[in-house]
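Examination of the molecular architecture
The residues making up each chain are set out below.
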Amino acid sequence: MFSTMLLDVPAALPAGPLPTNAINPLQLVIHASLPVQLVMAILLVVSVMSWAIIFRKRAQLAAAEREAASFEERFWSGAQLGDLHARAGKNDGIDGMEAIFDAGMREYHRVTQMRGADSRLQLEGAQRAMRAATARELDGLEHNLEFLANTGSISPYIGLFGTVWGIMISFQGLASLKQATIATVAPGISEALIATAMGLFAAIPAVWAYNRLATRVDRLASRYDAFAEEFSSILQRWSPLPDAPR
């Protein structure tokens, strides 16, 4: 009899894997309450905008790095400063390191034409012009990075708000039921939790991209500052200060 029972056990087991309830995010979004849907729509728009900024900033920073490398190669190749300045003057859309160099040379020559201007004023004027040009270039590179930072900081809280609201609506709907089970609570909670998931989906790439892009901007800033200092040293040797040792 015992052997007969053992033989009957496999026949009682279902063939194949046990049935599971697959998660359908689209259905969860469709059946969510209107406030939760609005929260998810906001997060979707924010996520799309973040990815657009990420791709655009990556291309912009890559172009700035290539421009800096190309100009440094021309600058340190032994070319005359006047030739480099003339070439920069022919280009209408110069930017990056070449724009910093052009601003310094332009101010240096402008102060030279002033009456009573000495070499100290020339050097100080060129340095101020290069600092201003550097600030403009960095401002353009940093533009919209704050949006990524805000997305990474706020998106999880927006998603959490949608989750809290959805769970509150779900429990409020249980008030009219005489008997509540997990089966009646689970769908509403699942629809609410999708908002938190979307908040994290928007925040994680934004935080990673912000840290990565901000680091690249800082490296370019250090590169620009180093070039401005080296160029100032060249201008100082080119036109020595009155009190400089000869």
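Structure first, text after, so check above.
Model, not experiment: these values are computed from the prediction.

1. Side note on the overall build of the chain
- Counting secondary structure elements, the chain contains eight helices and zero strands.
- Mapped in sequence order, the helices and strands of the chain form the string α-α-α-α-α-α-α-α.
- Looking at the chain residue by residue over its 246 residues, the buried ones come to 35%.
- Contacts in the chain between residues far apart in sequence, at least 24 positions, make up 82% of those at least 6 positions apart.

2. Some thoughts on unusual backbone geometry
- Of note in this structure, N144 is not a glycine but carries a positive phi near 75°.
- Counting through the fold element by element, N144 comes out in the loop between α6 (119-142) and α7 (145-173).

3. Re the packing of aromatic side chains
- Within this structure, the stated rule accounts for eleven aromatic pairs.
- With a centroid separation of 6.0 Å and an interplanar angle of 10°, the aromatic rings of F227 and F231 are classed as stacked. With F227 and F231 both in helix α8 (residues 182-238) and four residues apart, this pair spans about one turn of that helix. An identical accessibility class is assigned to F227 and F231; each is buried.
- Ring pairing ties together the aromatic residues F71, F75, W76, F101, F227 and F231, which thus form one cluster.

4. Notes on the nonpolar core
- Counting residues in hydrophobic clusters, the biggest one holds 36 residues, and the most contacted among them are F75, F101, L141, L148, Y224, F227 and F231.
- Elements that contribute at least two residues to this core include exactly α3 (34-75), α4 (81-90), α5 (96-112), α6, α7 and α8.
- A total of twelve residues in this core trace back to one element, the largest contributor, which is α8.
- With residues up to four places along the chain from it excluded, the contact list for Y224 reads A64, G96, M97, I100, T134, E137, L138 and L141.

5. Considering the packing of α3 against α5
- Closest axis-to-axis distance for the α3/α5 pair is 7 Å, and the angle between their directions is 50°. What the angle tells us is that α3 and α5 run oblique. Side by side, α3 and α5 meet where E67, A68, F71, E72, R74 and F75 of the first sit next to G96, M97, E98 and F101 of the second.
- Considered class by class, the residues forming the contact of α3 with α5 number five nonpolar, one polar and four charged.

6. A few points about the environment of R74
- Following the sequence through the fold, R74 ends up in helix α3.
- Judged by relative accessible area, which is 19%, R74 ranks as buried.
- Along the chain, R74 and L84 lie ten residues apart, while their C-alpha atoms are 8.2 Å from each other.

7. Structural notes on the packing of α4 against α5
- Two elements in contact, α4 and α5, have axes separated by 10 Å at closest approach and are oriented at 110°. The orientation of α4 relative to α5 falls into the category roughly perpendicular. Classified by chirality, the crossing of α5 by α4 is left-handed. Residues L81, L84, H85, A88 and G89 of α4 form the contact with α5, whose own contacting residues are E98, F101, D102, M105, R106 and H109.

8. Re a negative patch on the surface
- A grouping of D139, E142, E146 and D218 is seen on the molecular surface, where their side chains present a negatively charged patch.
- Mapping D139 onto the fold places it in helix α6.
- Since its relative accessible area comes to 54%, D139 is described here as exposed.

9. Details of the pattern of salt bridges
- One pass over the structure, following the stated rule, counts five salt bridges.
- Put simply, R216 and E65 hold a salt bridge, and the shortest N to O gap is 3.1 Å. Of this pair, R216 sits in helix α8 while E65 sits in helix α3, and the two are 151 residues apart along the sequence.
- Look at R216 and you get buried, because its relative accessible area is 12%.
- The class for E65 is partly exposed, based on a relative accessible area of 27%.
- The salt bridge involving R74 is made with E98; its shortest N-O contact spans 3.7 Å. With a gap of 24 residues between them, R74 in helix α3 and E98 in helix α5 connect regions that are remote in the sequence. Take R74 and E98: they sit in the same class, and that class is buried.

Procedures and definitions
- Residues numbered from 1 in each chain as written.
- Predicted model: local features only at pLDDT ≥ 70, side-chain atom pairs only at ≥ 80, totals over all residues.
- Heavy atoms only, no water.
- Helix = DSSP H or I, 4+ residues; strand = E, 2+ residues; numbered from the N terminus.
- Buried < 20%, exposed > 50% of the residue type's maximum accessible area, 1.4 Å probe, protein only.
- Contact = heavy atoms within 4.5 Å.
- Phe/Tyr/Trp six-rings, centres within 6.5 Å; stacked < 30°, edge-to-face > 60°.
- Core = buried A, V, L, I, M, F, W, Y, C linked by side-chain atoms within 4.5 Å.
- Axes fitted to C-alpha atoms, helices over the stretch in contact; angles between N-to-C directions.
- Parallel < 35°, antiparallel > 145°, perpendicular 65-115°, else oblique.
- Nonpolar A, V, L, I, M, F, W, Y, C, P; charged D, E, K, R; others polar.
- Left-handed = near helix turned anticlockwise from the far one by under 90°.
- Patch = residues over 30% accessible without salt bridge, like charges linked within 9 Å, V, L, I, M, F, W, Y side chains within 5 Å.
- Areas by Shrake-Rupley, 256 points an atom, 1.4 Å probe, with all protein chains shown as cover.
- Salt bridge = Lys/Arg side-chain N within 4 Å of Asp/Glu carboxyl O.
- Lys, Arg positive; Asp, Glu negative; His and termini not counted.
- Charge placed at Lys NZ, Arg CZ, Asp CG, Glu CD.

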